[in-house]
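# Chains, contacts and geometry: an overview
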Amino acid sequence: MSASTENTENTEHTGNTENVTENTAYAAPAGLIRRTFRRRQARIGAVLTLVVVAVALLGPLLGPVLTGYAVDDFAGRPFRPDGLAGTDDLGRDVLTRFLAGGGPVLLYALAATAIGIIGGAVAGMLAGYSHSDGSRLDTLIMRGGDVLLSFPQLVLALLAVAVLGSSGLLLVLVIGITHIPRVARVARQATLSVVGQDYVLAARMYGVPRRRILATEVLPNITGPLMVELGLRLTYSIGYVASLSFLGLGVQPPAADWGLQINENRIALIIAPWGVLLPVLAIAVLTIGTNMITDALAKESADTTGEAA
Amino acid sequence: MISPTAAPFTRRRLLGGAAGLAAAAFLAGCGGPAAARDAGPPRRGGVLRVGVTGGGASDTLDPHSPATNPDIARTLSLYEPLLHWDDAYTLQPAVAEAVRPEPGARAWTATIREGIVFHDGRPVTPDDVVATFARITDPDDPKSGASQLGVLDRVVVAGDRQVRFELSEPSPVFDQYLAEYSCGIVPADFDVSRPVGTGAFRFEAFSPGQQSAFVRHDGYWRPDEPHLDRLELINFAEDDARINALLSGQVDAIDQVPLSLTEVVGSYESVRLLTSETGAWLPFTMRVDVAPFDDVRVRQALRLIAGRDEMVNQVLSGLGAPAADLYGRFDPQYLDPRREQDIERARDLLSAAGKPNLSVELVTSPIQAGTVEAAQVLATQARAAGVEIGLRRVDTSTFFSDQYLQWEFAQSFWNTRNYIPQASQSSMPDAPFNETHWDDAEYQAVIRRARSELDPAVRAQLVRQAQRIEFDRGGYLIWGWPDRVDAHQAYVGGLVPNRTGLSLSGYEFRKAWVAV
Amino acid sequence: MTSTSPLTRLILKRLLVSVLVLLVVSLLIFGATLLLPGDPARAILGQQATPERVAALTEQLGLDRPAWERYLSWLGGVLTGDLGFSAATQGPVTELLGGRIAASALLLVLTAVISTPVALALGAWAAVRRGTRTDSALSGISLVLAALPEFVIGVLLVVLFATSVFQILPSVTIARPGEPVWARPDQLVLPVITLALVVIPYVIRMTRATLSEALDAGFVEMARLKGMPERTVLLRHAVPHTIGPVAQVIAMQLAWLAGGVVVVEFLFRYPGIGQALIDAVANRDVQVVQAITLIIAAFYVLVNLAADVAGILADPRIRTSGGVAQ
């Protein structure tokens, strides 16, 4: 496998990981994060993200207090301008539904990201580690990844929903699994540059088991790219979860959910725009926020290693 | 759909694109409305372009198995049954000038209208009628019109213009079955590739899933009709696209404006709304043979939980009327009862049934505009009574898969029908679509008697009795009668409100004209 | 170059790998659709089908044969251009998809044709003015755009140009029967802009990054020191070094578009294969789902292959180590 191939697939629709994976040594995560948030961009991103997270977490409690309606209460007939943001397709209060609807997106996106990062890191480290002793495991993992990579993530999710029906768990699993090969490529590349280091070779010579080497020697040294991947996958997960709900294949009614809310209310965009605009803006602000942090992380990670090199 | 061929079955093909309101959409606010000009008096000539909901690649011109709205609209333009339901939902002669029962109602005789001709100019003969019914009830390939003709034994020629229908049991309402649009009369040598009927319009072109075109049938029997020279039916899978096409003047009329958007559409100066009361209903179906619905107290409790006015408001934007668990709104014997929401009594009933914290799963699907919304409203209302209704949303094809008629707690929709024909479709053990598995001995006895009772007064009394039984222990939760709202350009005339549940004056475009 | 040159071998190897991947993908798709609930024969015939007719059709469709046999015959069909039979249309899948593939391809091509030059120009501009306010503004905008899911961009565009703010563009595609989508160019504007806005930021960022690197590199400095005008330096010396990576990014964006059109077509009611896929998923139209996912996967694999080959050809290390000049 050529270096350029790796690079190709790492940058697959990310725009963020340029030059990150080729570096050799990485800083400890705590220091990286601290330095990242010295950047203005990261701080803005953090504020944006926190605002939306706060809305998602506090909204379900605040909504009824602010508007006087519970999530499922009927405030009037459908698509009327009653209340601050009007009513939705069933006559429920749009603002209350909006405030209550951030939970699923965040939760599912976090869970999918966790699956993708953990699975991808393990697979990538194993592949990278076994590459160095010429084991077939590397080929096996990476070729398996190639198969998964040959579907656009959303198309694979559609196929899964078609076969298994839509449920939150499935959503999380499918999106998480489609992240795995993408994360694995980055993790493998980073691992490759670590396993040649003296301390790893030494550990191997002393017969330290593979699991321990990976956990204590390799993992701490590839946290930089993994952090970047984490941010990136989180941003994409938010997009995919929301997109699937928007297509009507994700979160199901009568749950309050931003993607679903957009789906339910877009027929009346012209008369009752808030039912669409509020969730759209929230998702936009959230993904912009996480992406700004991720970008700052990537830059910081690259700079750090650049200095080290 | 007035066809007793059961809306539920035919709709399974309506699928995907026609998923109704739930499918949702954007409206383009632009589109220059044409200058408002009124229709004025009837005028001969012109073209009418109609946007029709739904349809798809499986669209057909078969007169006897129309499935989607565009299919039905085409069927009603090309073909005519012996009788037909008019705008007020009363029976009127069509291809037959009269259909009369013999004493005992075990046989009926239809007399073919004098001088009526097919599109190719040939007169309609008794042989054509016999062949038509042979085609519908072909045992190897029964058409969707066949299920309501179960009592029909044989059709024989009984004179120059007479056809005799011999039944296996007396049926005083058999003429109602003959009026279904899926019983259109076709020539004995009918071939669907050459779709010839007696309808007001002659076939010109057809591309499935897209559009069809028709031209005036000059030999049509109704004087002065059709007014139009040409009719074009255009499929629109999506609500927004259809409305957009109307507002931008791409089409002259559309069916089924989503009820929550009628105000917006109606605010256009150039557009007229056509609102029809209908006897259509969107019931919740509870299977009376499985727990917990085998306990009549549970069924009644759920019926008391439903706040019907609220459902009409939230689901139908107030465009409709509350119902009370009975169908057959326009049947002369319709009891028109009330059932108000009564959470306290519902709780009591559930406690008495030993299920104070009832938790059930409701299978919902966008099988018709408003079904998923109604399920959500019911679930919300149930929470107030401590009943947890979990929604399981499936897509339309899953809903009408093998499991259809097996769902324990689900939904359905039906169009206007009188009481006995409807009961024969959905509430009897031999009914093709007994969604609730309703199997009540007393009820069956009453309906069997009513079906063959010749004395109208006694029959009326029996029909009322049957309704009382269903009101007290049936498995349907019927919460409302949705209005049908269509829209057309101001320059389109002749389309009037229609009770059948079919859009745009029952898709009878022979009545329509366009002003210059 | 000879057929045994390392470069050719490398490319052939990638090709072989792609073919193998596609084969596994086809297995995966076929296996997945086996799990679809419902009986296809019954789905085609409808509720009132008699058991005899269901049995007959089951046999006719070969549903009674073992799965591997069906897989082979399906694969054989795909390779000979027969994508199967659609339950919804009662006709060949190819007939259903023909016009839609063209429609989706039109979106793709228009997006690529519009976004590529715009993105390259903006990326180059940012690179030339790196460190200035222009550069950071462009980076900021592309960072924001890159973060947004495509339907969010699409909805915001609709609000802006079709419904709430200005009402100058149609928000949905209405294909009159028998009319190709390109007959109404105004309906293409918003879908294409949406897709372009999703794609452009990545190309901008990559162009800027690689071009900046090249502009700071020694050989470009050298050219400058020789007194060449900056314009010539840029076009003659810097740009050629960015072709490889940028071509790769563009190819990958194209590949991404194959999946991205699904949401955008749904949003704008655009009659392409993405919408057909969503319909087919809802209709449980198995063979259509198979066909479309396979087409998208094949496109994806092919474009990625093209990107790899471009990368291999453009990578000086490989080129020189293989001893082959282009």
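Conventions adopted
Residues numbered from 1 in each chain as written. Chains lettered and ligands numbered in written order. Predicted model: local features only at pLDDT ≥ 70, side-chain atom pairs only at ≥ 80, totals over all residues. Heavy atoms only, no water. Patch = residues over 30% accessible without salt bridge, like charges linked within 9 Å, V, L, I, M, F, W, Y side chains within 5 Å. Areas by Shrake-Rupley, 256 points an atom, 1.4 Å probe, with all protein chains shown as cover. Salt bridge = Lys/Arg side-chain N within 4 Å of Asp/Glu carboxyl O. Lys, Arg positive; Asp, Glu negative; His and termini not counted. Charge placed at Lys NZ, Arg CZ, Asp CG, Glu CD. Helix = DSSP H or I, 4+ residues; strand = E, 2+ residues; numbered from the N terminus. Contact = heavy atoms within 4.5 Å. Buried area = accessible area lost by both parts, 1.4 Å probe. Polar contact = N/O pair within 3.5 Å; in protein donor to acceptor, adjacent residues only side chain to side chain. Nonpolar A, V, L, I, M, F, W, Y, C, P; charged D, E, K, R; others polar. Pairing = 2+ DSSP bridges. Axes fitted to C-alpha atoms, helices over the stretch in contact; angles between N-to-C directions. Buried < 20%, exposed > 50% of the residue type's maximum accessible area, 1.4 Å probe, protein only. Domains from an automatic or database assignment. Phe/Tyr/Trp six-rings, centres within 6.5 Å; stacked < 30°, edge-to-face > 60°. Lys NZ or Arg CZ within 6 Å of the ring centre and 35° of its normal.

On the surface, D73 of chain A together with D309, E310 and E340 of chain B cluster together to form a negatively charged patch. Looking at the element boundaries, E340 of chain B is found in the loop between β14 (320-322) and α9 (343-352).

So, on to the interface of chain C and chain A. Contact residues are listed per partner, giving 59 residues for chain C and 53 residues for chain A. Each partner contributes to the roughly 4,800 Å² buried at the junction of chain C and chain A, and carbon and sulfur atoms together form 72% of this total. Looking at the side of chain C facing chain A, the largest losses of area belong to L143, F151 and Y300 of chain C, adding up to 13% of the total buried there. Our count for the chain C to chain A interface comes out at 1 salt bridge. Linking D295 of chain A and R205 of chain C is a salt bridge whose minimum nitrogen-to-oxygen distance equals 2.5 Å. Between chain C and chain A we count 5 residue pairs in polar contact (both at pLDDT 80 or more) in total. Counting residues per element, the ones that place at least two in the side of chain C that touches chain A are α1 (6-34), α6 (133-147), α7 (150-163), α8 (186-216), α10 (230-268), α11 (273-283), α12 (286-314) and α13 (316-321) of chain C. When residues of the side of chain C that touches chain A are assigned to their parent elements, the largest contribution, 10 residues, is made by α12 of chain C. In terms of residue class, the side of chain C that touches chain A is built from 43 nonpolar, 7 polar and 9 charged.

All names here are of chain B. A sheet is described by the order of its strands in space; here 3 strands give the open sequence β17-β13-β18, paired in antiparallel fashion. Bordering the open sheet on either side are β17 (409-411) and β18 (476-477), each of which pairs with just one other strand. Pairing between strand β13 (residues 284-286) and β18: 2 bridges, direction antiparallel. Residue pairing across strands places F284 opposite L477, the latter belonging to β18. Each of β13, β17 and β18 touches helix α10 (residues 371-384); the most contacted strand, β17, lies at about 140° to it.

Residues and elements named next belong to chain B. A sheet is described by the order of its strands in space; here 7 strands give the open sequence β8-β9-β10-β1-β11-β20-β12, paired in mixed fashion. Each edge of the sheet is formed by a strand with only one pairing partner; in this case those strands are β8 (201-207) and β12 (271-276). Relative to strand β9 (residues 211-216), β8 is paired through 6 bridges, and the arrangement is antiparallel. Note on β9: the bridge partner recorded for A205 is A213.

What the rule picks out here adds up to 52 salt bridges over all chains. With a shortest N-O distance of 3.1 Å, D295 of chain A and K299 of chain A are connected by a salt bridge. Remark: K299 of chain A and D295 of chain A occur in helix α13 (residues 274-308); sequence separation between them is 4 residues, near one turn of the helix. Relative accessible area serves as the criterion here: at 36%, K299 of chain A is assigned to the partly exposed category. Salt-bridge contacts for R135 of chain B lead to D62 of chain B; the nearest nitrogen and oxygen are separated by 2.9 Å. Pair noted here: R135 of chain B is in helix α3 (residues 126-136) and D62 of chain B is in the loop between β1 (47-53) and α2 (69-78), with a separation of 73 residues, a long-range link. Beyond isolated ion pairs, a larger network of salt bridges with shared partners links D72, D88, D89, R92, R97 and E264 of chain A together with R383 of chain B.

Residue and element names in this part refer to chain C. Domain parsing of chain C yields domain 1 (6-93) and domain 2 (98-320). At the junction of the two partners, domain 1 supplies 24 residues and domain 2 supplies 21 residues. When domain 1 packs against domain 2, close to 2,000 Å² is buried across both sides, 77% of that on carbon and sulfur atoms. Between domain 1 and domain 2 we count 0 salt bridges in total. Applying the counting criterion to the domain 1 and domain 2 interface returns 1 residue pair in polar contact (both at pLDDT 80 or more).

Here we come to the packing of aromatic side chains. Under the counting rule described, the total for this entry stands at 28 aromatic pairs over all chains. Aromatic pair W281 of chain B and W414 of chain B: ring centres 6.0 Å apart, planes at 15°, arrangement stacked. Residue W281 of chain B is found in the loop between β12 and β13, and its partner W414 of chain B is found in the loop between β17 and α12 (419-426); the two are separated by 133 residues along the sequence. In this pair, the class of W281 of chain B matches that of W414 of chain B, namely buried. Note on F30 of chain C and Y71 of chain C: the rings are 5.4 Å apart at their centroids and 65° apart in plane angle, and the pair reads as edge-to-face. Residue F30 of chain C is found in helix α1, and its partner Y71 of chain C is found in helix α4 (residues 67-79); the two are separated by 41 residues along the sequence. For Y71 of chain C, a relative accessible area of 10% translates into the label buried. Taken together, the aromatic side chains of W281, Y327, F399, Y404, W407, W414, Y419, F433 and Y476 of chain B make up a single cluster linked through ring pairs. In this structure, R204 of chain A packs its charged tip against the face of Y129 of chain A, placed 4.1 Å from the ring centre. Against the face of F266 of chain C rests R269 of chain C, its NZ or CZ located 5.7 Å from the ring centre.

Below, the discussion takes up the domain arrangement of chain A. Residues and elements named next belong to chain A. What the domain assignment reports for chain A is domain 1 (36-101 + 256-308) and domain 2 (104-254). Of note, the centres of domain 1 and domain 2, computed from C-alpha atoms alone, are 27 Å apart. Taken together, the contact pairs 24 residues of domain 1 with 21 residues of domain 2. Buried area between domain 1 and domain 2, both sides added, is near 1,700 Å², and the carbon and sulfur share of it is 72%. On the domain 1 side of the contact with domain 2, D257, L260 and T294 bury the most area, a combined 26% of that side's loss. Taken together, domain 1 and domain 2 are joined by 0 salt bridges. On inspection of domain 1 and its partner domain 2, the count reaches 5 residue pairs in polar contact (both at pLDDT 80 or more). Sorting the residues of the side of domain 1 that touches domain 2 by element identifies α3 (40-67), α12 (258-265) and α13 as the ones contributing at least two each. Considering every element that reaches the side of domain 1 that touches domain 2, the biggest residue donor is α13, with 9 residues.

Following P253 of chain A, the chain continues into P254 of chain A via a peptide bond in cis, with omega recorded as 5°. Mapped onto the secondary structure, P254 of chain A falls in the loop between α11 (223-246) and α12. Residues other than glycine seldom take positive phi values, yet A105 of chain B does so here, at roughly 55°. Taking relative accessible area as the criterion, A105 of chain B reaches 3% and is therefore assigned buried. For Y507 of chain B, which is not a glycine, the phi torsion comes out positive at approximately 55°. Turning to its location among the elements, Y507 of chain B is positioned in helix α15 (residues 503-507).

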